[in-house]
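Take a look at the letters that make up each chain.
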Amino acid sequence: MNCLCFSVVAAAALWYKGAWLSFQISGFLVTHLIVAVASFKGGVGKTTTAVHLAAYLQKSAPTLLIDGDPNRSATGWANRGALPFKVIDERQTARYVREYEHAVIDTQARPAPDDLRALVDGCDLLVIPTTPDALSLEALMLTVESLESISAARYRILLTIIPPRPSRDGKEARAMLKRKKLPVFKTEIHRLVAFQKAALAGVPVYDVADPRASSAWEDYAKAGKEIIS
């Protein structure tokens, strides 16, 4: 089930990109962006990242979130409230592809090398969220090794759930990634309760009643700006 599901997601990404390219050639589309979010470990903010990057892109153009995770976390998020963009599963891609200018794909964890290759080929950018703890960083390096084995270049690492000071975990993780000369977002996503409230309410973090909600949203807005710049 898991391998099949991810293969369908990868195929959907390739189909989506091909459809957009042919649609663009026809003169009906000017811009498009396909962003995939993947990780080798759970609990790193993968779905939170997918939801909020989609929310950011939606502010500039119609955006589709493709939920390719068997856990259907993004679908559950949408069902609990009201997200400002449409969420579908990967099997519905063909039906909705022509209605949206941007797509964000929330993939399942631990993609196989062949699936990872197809996914990378089918998107404009692969975002890899990771928390700054040792286990997550180890899993991240497995992902990077898989990407390097297929000569993938269109990926960027996003540090997430960064603990507040005096913890130096985020700073030390960034320094390690820089030493390895890996592509990393300048933006970091901080550990804030507002994100949990947003998931429970089924809305983007900017719509929750929390004193840090605007700060939480600004983290992802900055990451979004890095993607489109």
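The rules we used
- Residues numbered from 1 in each chain as written.
- Predicted model: local features only at pLDDT ≥ 70, side-chain atom pairs only at ≥ 80, totals over all residues.
- Heavy atoms only, no water.
- Helix = DSSP H or I, 4+ residues; strand = E, 2+ residues; numbered from the N terminus.
- Buried < 20%, exposed > 50% of the residue type's maximum accessible area, 1.4 Å probe, protein only.
- Contact = heavy atoms within 4.5 Å.
- Areas by Shrake-Rupley, 256 points an atom, 1.4 Å probe, with all protein chains shown as cover.
- pLDDT = per-residue confidence, 0-100.
- Core = buried A, V, L, I, M, F, W, Y, C linked by side-chain atoms within 4.5 Å.
- Pairing = 2+ DSSP bridges.
- Axes fitted to C-alpha atoms, helices over the stretch in contact; angles between N-to-C directions.
- Parallel < 35°, antiparallel > 145°, perpendicular 65-115°, else oblique.
- Left-handed = near helix turned anticlockwise from the far one by under 90°.
- Nonpolar A, V, L, I, M, F, W, Y, C, P; charged D, E, K, R; others polar.
- Phe/Tyr/Trp six-rings, centres within 6.5 Å; stacked < 30°, edge-to-face > 60°.

K.L.:
Honestly, the overall build of the protein in this entry has me stumped. Any pointers?
P.N.:
Looking only at helices and strands, the protein has nine helices and seven strands in total. Residue burial in the protein is summarised as follows: out of 229 residues, 56% are buried. Restricting to contacts in the protein with at least 6 residues of sequence separation, those with at least 24 account for 76%. With an accessible surface of roughly 10600 Å², the protein has 54% of that area assigned to carbon and sulfur atoms.

K.L.:
I keep staring at the confidence of the model for the protein and nothing clicks. Help me out?
P.N.:
When the pLDDT values of the protein are averaged, the result is 87; 86% of them are 70 or greater. The low-confidence segment residues 1-6, where pLDDT is below 50, has 13 contacts with residues more than four positions distant or belonging to other chains.

K.L.:
Looking at this structure, how should I read the nonpolar core?
P.N.:
In summary, soluble globular proteins display a tendency toward joint burial of nonpolar side chains. Ranked by internal contacts, the top residues of the largest apolar core, which has 38 residues, are Leu53, Leu65, Phe85, Val127, Val205 and Ile227. Not counting residues within four places of it along the chain, the set of residues in contact with Leu65 comprises Ala50, Val51, Ala54, Ala74, Phe85, Lys86, Val87, Ile88, Val104 and Asp106. The next biggest cluster of nonpolar side chains, apart from the first, holds 32 residues, and it includes Leu64, Leu119, Leu137 and Leu177.

K.L.:
Help me understand the pairing of strand β1 (residues 33-37), please; the structure alone is not making it clear to me.
P.N.:
The side chains of a regular strand alternate between both faces of the sheet. Within β1, five of the five residues are buried, leaving the element largely enclosed by the surrounding structure. Burial along β1 is two-sided: the residues Leu33, Val35 and Val37 and Ile34 and Ala36 are all buried. Here β1 runs beside strand β5 (residues 125-130); their pairing, made up of three bridges, is parallel. Residue Val35 lies in a different strand from β5, and its bridge partner there is Leu125.

K.L.:
Would you take a moment to explain the environment of Thr49 for this structure?
P.N.:
You can see Thr49 is positioned in helix α2 (residues 46-58). We classify Thr49 as buried; its relative accessible area is 0%. Considered as a pair, Thr49 and Pro129 are 80 residues apart in the sequence and their alpha carbons are 7.6 Å apart. Beyond its immediate chain neighbours, meaning those up to four positions away, Thr49 contacts Val37, Val127, Pro129, Leu158, Thr160 and Tyr220.

K.L.:
Whenever I open this one, the packing of α2 against helix α3 (residues 73-80) confuses me. Can you help?
P.N.:
To characterise two packed helices, one gives the angle between the axes of the helices and the distance between these axes. As a packed pair, α2 and α3 sit with axes 9 Å apart at the nearest point and diverge in direction by 60°. By the angle between their directions, the pair α2 and α3 is classed as oblique. Note that α2 runs across α3; the crossing there is right-handed. Between α2 and α3, the residues in contact are Thr47, Thr48, Val51 and His52 and Ser73, Ala74 and Trp77, respectively. In terms of residue class, the contact of α2 with α3 is made up of three nonpolar, four polar and no charged.

K.L.:
How should the packing of aromatic side chains be read in this particular structure?
P.N.:
In this description, an aromatic ring pair is defined by two values, namely the gap between the centres and the angle between the planes. What the rule picks out here adds up to two aromatic pairs. Aromatic side chains Phe195 and Tyr220 sit 5.6 Å apart centroid to centroid with 85° between the ring planes, which places their arrangement in the edge-to-face category. Residue Phe195 is found in helix α8 (residues 193-201), and its partner Tyr220 is found in helix α9 (residues 213-228); the two are separated by 25 residues along the sequence. For the pair formed by Phe195 and Tyr220, the shared burial category is buried.

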